[in-house]
Amino acid sequence: MSYTLSHLEQLESEAIHIFREVAEQFENPVLLFSGGKDSITMVHLAYKAFYPAKIPFPFLHVDTGHNFPEALEFRDNLVKRYNVRLDVGLVQDSIDRGTAVEEKAINPSRNQLQSITLLEKLEEGEYDAAFGGGRRDEEKARAKERFFSHRNDFGEWDPKNQRPELWNLYNGKKSMGESFRVFPISNWTEMDVWQYIKKENIELPSIYFSHKRNIVDRKGVLIAESPYNTLLKGEKYEERVIRYRTLGCMTITGAIESDADNLDKVIQEVASARQTERGNRADDKVSEAAMEERKKQGYF
């Protein structure tokens, strides 16, 4: 009797195939871990790809110093649960070394500085492939990515110089100093991720679900109260019921007002959303090409 894979099973199979391809072709891969739902889904897929053996590569987290405390706590618990090594790159260390310079502003963002710290950690760890949780539906620059995204010896991405990927064949050949970013869930949508999380009963940080938080409305972006934010003239914090669709620094990640306190409600909310997942990210509002410019410089 024949059996047809469901949509989610096909996506899972594709992602697991890519994880195994990287383990076969590269000597020292690493999984970029942000603490967000996509990277948590990636961890679950990696676990399934190599079970009953343990995940055969470490996780790398670029810590800006402006993270949500809930995300850091979840990260540390996850690493213990899966018994993997966690490599942490601190943006503050890059600032202290002088390789990165803090923004001169009342509310500085360290988002741009992540690329510097990431490239430093990839070189330090001699990682030749880095798994990322980017998806093509997130943003137009990410829609240009291949599964195997070639980077030159400076860690730079050239969208016009990527290799064809035909018949599920992935070319990981590289010259000395070059590397790859690999995106196993490229073909997934935000809805796919949420439905898979429900299907697999994957645990997430609490901030993805409705909760009360003090926020300031900054030109339509709802920014949480934190030690890293300074109120501007005329601004004030007020308590609202919110949740997050995407996870980043507290200084630039906007919340949405929501009463979705469980997976079913979140899925229903995502289905009816009219704004993109990253529509409340202040860092993406800098320019039309903000993401692409960051990626060319070595961003995730």
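Predicted model only: the values in this text are computed from it and were never measured. Note that residues are indexed from 1 along each chain, following the sequence as it is written. In keeping with the predicted nature of the model, local features appear solely for residues at pLDDT of at least 70, side-chain atom pairs appear and are counted solely at 80 or more, and the whole-chain, interface and lining totals rest on all residues. Calculated side-chain values reflect all of the structure's heavy atoms, with hydrogen atoms and water omitted.

For the rest of this paragraph, the subject is the pattern of salt bridges. In the sections that follow, a salt bridge refers to a side-chain nitrogen of Lys or Arg positioned within 4 Å of a carboxyl oxygen of Asp or Glu. Scanning the model with the defined rule gives 20 salt bridges in all. A salt bridge links arginine 135 to aspartate 38, with the nearest nitrogen and oxygen atoms 2.8 Å apart. Highlighted residues: arginine 135 in the loop between strand S4 (129–131) and strand S5 (148–151) and aspartate 38 in helix H2 (residues 37–50), separated in sequence by 97 residues. Residue classification places arginine 135 among the buried residues on the basis of a relative accessible area of 1%. The buried label applies to any residue whose accessible area, calculated with a 1.4 Å probe on protein chains only, is under 20% of its type's maximum; exposed applies above 50%, and partly exposed to all values in between. For aspartate 38, a relative accessible area of 10% gives the class buried. The closest approach of N and O atoms between glutamate 269 and arginine 243, which form a salt bridge, is 2.7 Å. Residue glutamate 269 is found in helix H7 (residues 263–272), and its partner arginine 243 is found in strand S9 (residues 238–243); the two are separated by 26 residues along the sequence. Since its relative accessible area comes to 0%, arginine 243 is described here as buried. The network of salt bridges with shared partners includes Glu12, Lys48, Lys199 and Glu200. Here a helix means four or more residues in a row that DSSP labels H or I, a strand means two or more in a row labelled E, and each is numbered from the N terminus.

In this section: the sheet that holds strand S10 (residues 256–257). Strand pairing is assigned whenever DSSP detects at least two bridges linking the two strands. In space, the 4 strands of this open sheet follow the order S8-S7-S9-S10, with antiparallel pairing throughout. What marks the edges here is a single partner per strand, and that holds for strand S8 (221–224) and S10. Pairing of strand S7 (residues 211–218) with S9, which is carried by 5 bridges, proceeds in the antiparallel orientation. Across the sheet, isoleucine 215 pairs through a bridge with glutamate 238, a residue of S9.

Turning to the pairing of S5, a few remarks are in order. The side chains of a regular strand alternate, first on one face of the sheet and then on the other. Side chains Phe148 and His150 of S5 all project onto a buried face; the interleaved residues Ser149 and Arg151 project onto the opposite face, where all are buried too. Across 4 bridges, the pairing between S5 and strand S6 (residues 179–182) is antiparallel. Within the sheet, the bridge partner assigned to arginine 151 lies in S6 and is serine 179.

Right, let's get into H7. Counting along an α-helix, one turn takes 3.6 residues, and residues three or four places apart therefore face a common direction. Within the span of H7, buried status applies to Leu263, Val266, Ile267, Glu269 and Val270. Down the axis of H7, the buried set is contained in an arc of 160°. They therefore lie on one face. Residues of H7 that are exposed and point more than 90 degrees away from the buried face comprise Gln268 and Ala271. As for H7, its buried residues are in contact with helix H6 (190–200), S9 and S10. By arc we mean the arc of the directions from the helix axis to the C-beta atoms, nothing more. The criterion used for residue contact is that any of the two residues' heavy atoms lie within 4.5 Å.

In this chain, tyrosine 51 is followed by proline 52 through a cis amide linkage whose omega measures 10°. Among the structural elements, proline 52 can be located in the loop between H2 and strand S2 (59–63). Located in the positive-phi region is asparagine 83, a residue other than glycine, with phi close to 55°. Considering the arrangement of structural elements, one finds asparagine 83 in the loop between helix H3 (69–82) and strand S3 (86–90). A relative accessible area of 52% means that asparagine 83 is categorised as exposed.

Next up on the list: H6. Among the 11 residues of H6, 8 are classified as buried, and the element is accordingly described as predominantly covered. Within H6, burial applies to Glu190, Met191, Asp192, Val193, Trp194, Tyr196, Ile197 and Glu200. Buried positions along H6 lie against helix H1 (7–25), H2, S9 and H7. Positive phi shows up at asparagine 201, right after H6, with a value of about 55°.

Okay, the pairing of strand S1 (residues 29–32) next. Alternating residues of S1 divide into Pro29 and Leu31 and Val30 and Leu32, and every residue in both groups is buried. Relative to S4, S1 is paired through 3 bridges, and the arrangement is parallel. Paired with leucine 31 across the bridge in S4 is phenylalanine 131. Handedness rule for crossovers: strands pointing away from the viewer, path from the first strand over the helix to the second running clockwise, crossover right-handed. Note that the unit made of S1, H2 and S2 has a crossover that is right-handed.

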